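Here is how the chains run, residue by residue.
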Amino acid sequence: AISGCAKPENGFQSKGVVNGRHCRRMLSYSAIGRSGVSPDVTTMADKHLSNREAIFKAQLSEALEEARLDRLLPIRQAWVRARCGEVPLDDRELFHIQRQVAAVARNKLRAAVSAGSVEIVHEALQMADDVAEHWPYAVGVKTSLEYAAAQNYKDNMEEAQSEAEQNEEKNQKQAEQEEF
């Protein structure tokens, strides 16, 4: 009788047989299934890429390295026009690309606000809208602080510009009235 020791419920016993006085740890079901031996590191072969897939991925990575967000949608459109089906990216790769695109868009928005030009900010906002609404759907861009700051900067500058134009019109009208 074994009291206080691990009892095998399935009838398997470890290599060290349980004797009357000693209790040895039983092997887990996982260890029993693989005969108590842990496997070596499994090496997985990469999926073979066709030439089109390799070119697509190379163009995509090149556009991201150069921070050219305007090239992303045309790359995908060329893939679709060639009737190749869905883009050759798994979920992990697509997630990684979406994060990269969002980071590049936020950096461009930050740089545009720092540059202090309404045109540059407008272009950066337009590009951020494009990557948020079109492939690869970098949804975190529009909720970022950089996007809100750029939008706020653009609105403030446009408001200041319209006020300046209104003041200029008032001044011209006053000058015309003084002449009469």
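Everything numeric here is computed off the predicted structure, so don't read it as measured data.

Calculation rules
- Residue numbers restart at each chain and count upward from 1, following the sequence in its written direction.
- It should be noted that, the model being predicted, local features are given only for residues of pLDDT at least 70 and side-chain atom pairs only at 80 or more, the latter also being counted only at that level, while totals for whole chains, interfaces and linings use all residues.
- For the side-chain quantities, the full set of heavy atoms in the structure was used; hydrogens and water were omitted.
- Axis angles are defined between N-to-C directions and span 0 to 180 degrees, where every axis is a line fitted to C-alpha atoms and, for a helix, only to the segment in contact.
- Here a helix means four or more residues in a row that DSSP labels H or I, a strand means two or more in a row labelled E, and each is numbered from the N terminus.
- By the definition used in this description, the sense in which the near helix is turned from the far one sets the handedness, with an anticlockwise turn below a right angle giving left-handed and a clockwise turn giving right-handed.
- Contacts were defined at the residue level, with two residues in contact if any of their heavy atoms lie within 4.5 Å.
- Lys, Arg, Asp and Glu make up the charged group, whereas Ala, Val, Leu, Ile, Met, Phe, Trp, Tyr, Cys and Pro make up the nonpolar group; the residues left over, Gly among them, are polar.
- Given the number of residues in a helix, its expected span is that number minus one, multiplied by 1.5 Å.
- Each residue gets one of three labels from its accessible area relative to the maximum for its type: buried under 20%, exposed over 50%, partly exposed in between, using a 1.4 Å probe on protein chains only.
- Any carboxyl oxygen of Asp or Glu within 4 Å of a side-chain nitrogen of Lys or Arg constitutes a salt bridge here.
- The rule is short: rings of Phe, Tyr and Trp, with Trp giving its six-membered ring, pair when the centres are within 6.5 Å, and they are stacked under 30 degrees, edge-to-face over 60, tilted in between.

A. Broad picture of the packing of helix 4 (residues 91-115) against helix 6 (residues 145-179). Two elements in contact, helix 4 and helix 6, have axes whose closest approach is 9 Å; the angle formed by their N-to-C orientations is 35°. Relative to helix 6, helix 4 is oriented so that their crossing is left-handed. Contacts between helix 4 and helix 6 involve Arg106, Leu109, Arg110 and Val113 on the former and, on the latter, Glu146, Tyr147, Ala149 and Ala150. Residue composition of the contact of helix 4 with helix 6, grouped by class: five nonpolar, no polar and three charged.

B. Summary view of helix 5 (residues 118-133). For helix 5, built from 16 residues, the straight-helix expectation of 22 Å at 1.5 Å per residue is met to within 8% by its first-to-last C-alpha distance of 22 Å. Looking at helix 5, one finds that the buried residues are Val118, Val121, Ala124, Leu125, Ala128, Asp129, Val131 and Ala132.

C. Inspection of the pattern of salt bridges at higher detail. A complete count under the given rule lists seven salt bridges for this structure. Here Glu146 ties to Arg110 by a salt bridge, and the two come within 2.7 Å at their closest N and O atoms. Within this pair, whereas Glu146 is found in helix 6, its partner Arg110 is found in helix 4, the two being separated by 36 residues in sequence.

D. Region of interest: the packing of aromatic side chains. Applying the stated criterion across every chain yields a total of two aromatic pairs. Here the aromatic rings of Phe56 and Trp79 are separated by 5.1 Å at their centres, their planes lie at 50°, and the arrangement is tilted. One end of the pair, Phe56, is in helix 2 (residues 51-65); the other, Trp79, is in helix 3 (residues 72-81), and 23 residues separate them in sequence. With a relative accessible area of 2%, Phe56 lands in the buried category. Taking 6.3 Å as the distance between ring centres and 50° as the angle between the ring planes, the aromatic pair formed by Phe56 and Trp135 counts as tilted. Here the residue Phe56 occupies a position in helix 2, and Trp135 occupies one in the loop between helix 5 and helix 6, the gap between them amounting to 79 residues. Overall, Trp135 belongs to the buried group, its relative accessible area being 6%.

E. Looking closely at unusual backbone geometry. Cis geometry is adopted by the peptide bond preceding Pro136, which originates at Trp135 and carries an omega value of 5°. Mapped onto the fold, Pro136 is located in the loop between helix 5 and helix 6. In this structure, Ala67 takes a positive phi of about 60° despite not being glycine. Position of Ala67 relative to the elements: it lies in the loop between helix 2 and helix 3. By relative accessible area, Ala67 is classed as partly exposed at 24%. In this model, Tyr137 sits at a positive phi of 55°, which is unusual for a non-glycine residue. For Tyr137, the location among the structural elements is in the loop between helix 5 and helix 6. Overall, Tyr137 belongs to the partly exposed group, its relative accessible area being 43%.

F. The side chain of Asp129, seen in detail. Inspection of the secondary structure assignment puts Asp129 in helix 5. Classification of Asp129 as buried rests on a relative accessible area of 16%. In this structure, Asp129 is in contact with Lys142 and Tyr147, ignoring residues within four places of it in sequence.

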